[in-house]
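The lines below spell out each chain.
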Amino acid sequence: MENKKSKKFRWAAIACALVLIGLTYYYFFSAFSAKDKVEYVYIDKDDNVDSVYQKLKPIATEHGMAGLKTLIRHSSYDKNIRTGRYQIKPSSMIFKVFRDIKNGQQTPVSLVIPSVRTVEKLSAELSKHLMIDSTEIINALKNEALCRKFGYDTTTIACIFIPNTYNVYWNVSAEKFLERMDSESKTFWNETRKQKAKKLNLTPNEVIILASIVEEETANTKEKPMVAGMYYKRLTMRTAQYPNGMPLQADPTIKFAWKKFELKRIYNNHLAIESPYNTYRNTGLPPGPIRIPSIEGIDAVLNLVHHNYIYMCAKEDFSGTHNFAETYEEHLQNAAKYTNALNKRGIK
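Residues numbered from 1 in each chain as written. Predicted model: local features only at pLDDT ≥ 70, side-chain atom pairs only at ≥ 80, totals over all residues. Heavy atoms only, no water.

## Section: helix H5 (residues 119-127)
Thinking step 1. When H5 is considered as a whole, its buried residues turn out to be Val 119, Leu 122, Ser 123, Glu 125 and Leu 126. Viewed end-on, H5 has its buried residues packed into an arc of 165°, placing them on one side of the element. (Buried < 20%, exposed > 50% of the residue type's maximum accessible area, 1.4 Å probe, protein only. Helix = DSSP H or I, 4+ residues; strand = E, 2+ residues; numbered from the N terminus. Arc of directions from axis to C-beta.)

## Considering the nonpolar core
Thinking step 1. Counting 62 residues, the largest nonpolar core has Ile 113, Phe 161, Trp 189, Tyr 231 and Ile 298 as its most contacted members.
Thinking step 2. Excluding residues within four positions of it along the chain, Ile 298 makes contact with Ile 162, Phe 188, Trp 189, Val 207, Ile 208, Ala 211 and Pro 293.
Thinking step 3. Val 52, Leu 68, Tyr 86 and Phe 98 belong to the second-largest nonpolar core, a separate cluster that totals 21 residues. (Core = buried A, V, L, I, M, F, W, Y, C linked by side-chain atoms within 4.5 Å. Contact = heavy atoms within 4.5 Å.)

## A short note on the pattern of salt bridges
Thinking step 1. According to the stated counting rule, one finds 20 salt bridges in the structure shown.
Thinking step 2. For Glu 191, the salt bridge is made with Lys 194, and the minimal N-O distance between the two is 3.9 Å. One end of the pair is Glu 191 and the other is Lys 194, both in helix H9 (residues 191-199) and 3 residues apart, which spans about a single turn.
Thinking step 3. For Lys 194, a relative accessible area of 39% translates into the label partly exposed.
Thinking step 4. Residue Glu 274 pairs with Arg 281 through a salt bridge whose shortest N-O separation is 2.5 Å.
Thinking step 5. On the basis of relative accessibility, which here comes to 66%, the residue Glu 274 falls in the exposed class.
Thinking step 6. Classification of Arg 281 as partly exposed rests on a relative accessible area of 47%.
Thinking step 7. One salt-bridge network, in which partners are shared between bridges, spans Lys 149, Glu 175, Lys 176 and Glu 179. (Salt bridge = Lys/Arg side-chain N within 4 Å of Asp/Glu carboxyl O.)

## Looking at unusual backbone geometry
Thinking step 1. You will see that Asn 201, though not glycine, has its phi angle at about 60°, which is positive.
Thinking step 2. You can see Asn 201 is positioned in the loop between H9 and helix H10 (204-217).
Thinking step 3. Here the phi dihedral of Phe 318 falls at roughly 55°; this positive angle occurs in a residue that is not glycine.
Thinking step 4. Tracing the backbone through its elements, the reader meets Phe 318 in the loop between strand E5 (311-314) and strand E6 (322-325).

## What to know about the pairing of strand E4 (residues 165-168)
Thinking step 1. Here E4 shows a buried face lined by Tyr 166 and Val 168 and an unburied face lined by Thr 165 and Asn 167.
Thinking step 2. Looking at chain direction, strand E3 (residues 109-112) and E4 are connected through 4 bridges and run antiparallel. By the bridge assignment for E4, Ser 110 is matched with Asn 167. (Pairing = 2+ DSSP bridges.)

## What to know about the side chain of Thr 279
Thinking step 1. Residue position: Thr 279 is located in the loop between helix H12 (251-258) and helix H13 (295-302).
Thinking step 2. Discounting chain neighbours no more than four positions away, the residues touching Thr 279 are Pro 247, Leu 248, Gln 249, Ala 250, Thr 253, Ile 254 and Pro 286.

See below:
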């Protein structure tokens, strides 16, 4: 009799254990998500445990949410909520979702650094993809002490950004983000690029500033080294008339000085602006870039074409390319063609 009772108890214990294992698997190790595609949950610094639940609820199955809440109740998660961007796959187990959000095991953002004209625009674009808002980014870029930490000032800090795609964490701080950009910039400026800049007697920052002007002048890839060569010619030529180099006289710098990027034509009254970015009044490069140039634009300067042209004017066919000239007389003829074309189209 005792042997039969032992067997019954043993089988009952095994059955209970199997039920317990089944329930444990169902509530903690089965799929959390009710979706058939990857979802992302963004937990920010203002979240509490209840708001985290609200963000997860639209993704979760009913038992997945119940299992997660059970795990959270028996942890210290509510006292140490980790910000971040968390990936939830259709196959993600309940326990994995819990472990990820508890330990801050987030998924990076594929962040594109765009080629834009101002740090304000850059900040606005970055804030769309990061937890930090645009004001926080702007304040960092205008903080002299922070800029100096990376070897820049507030006019040259835009040179730290090399337009590309980077994997960064969504909750990165502004300073940590700049540290990452500084590291990427150092990688970009390899020995080959540094030697090319040195051969031109330009610093990396000066290359970027010149590239920013080139990129504002033309979107034509093949023409960029030619445009770079023309501005470099002006920058470095020394004559009796221009002992300190010929002014760049770059119209895009005037637009930047006025912050009127929509201007189609530059008139004499525009050239009167008192600004270090007025390259009609000041010789040499402006103090900082007038946009964040693309890698293509930077390399166009490093591989610029050496020629004798010192003037250029947009072609009258509005192709986006330019007529180049060695003499002012020839340039006036090219300018007249373009002006007539503008007038015919009623462009003011």
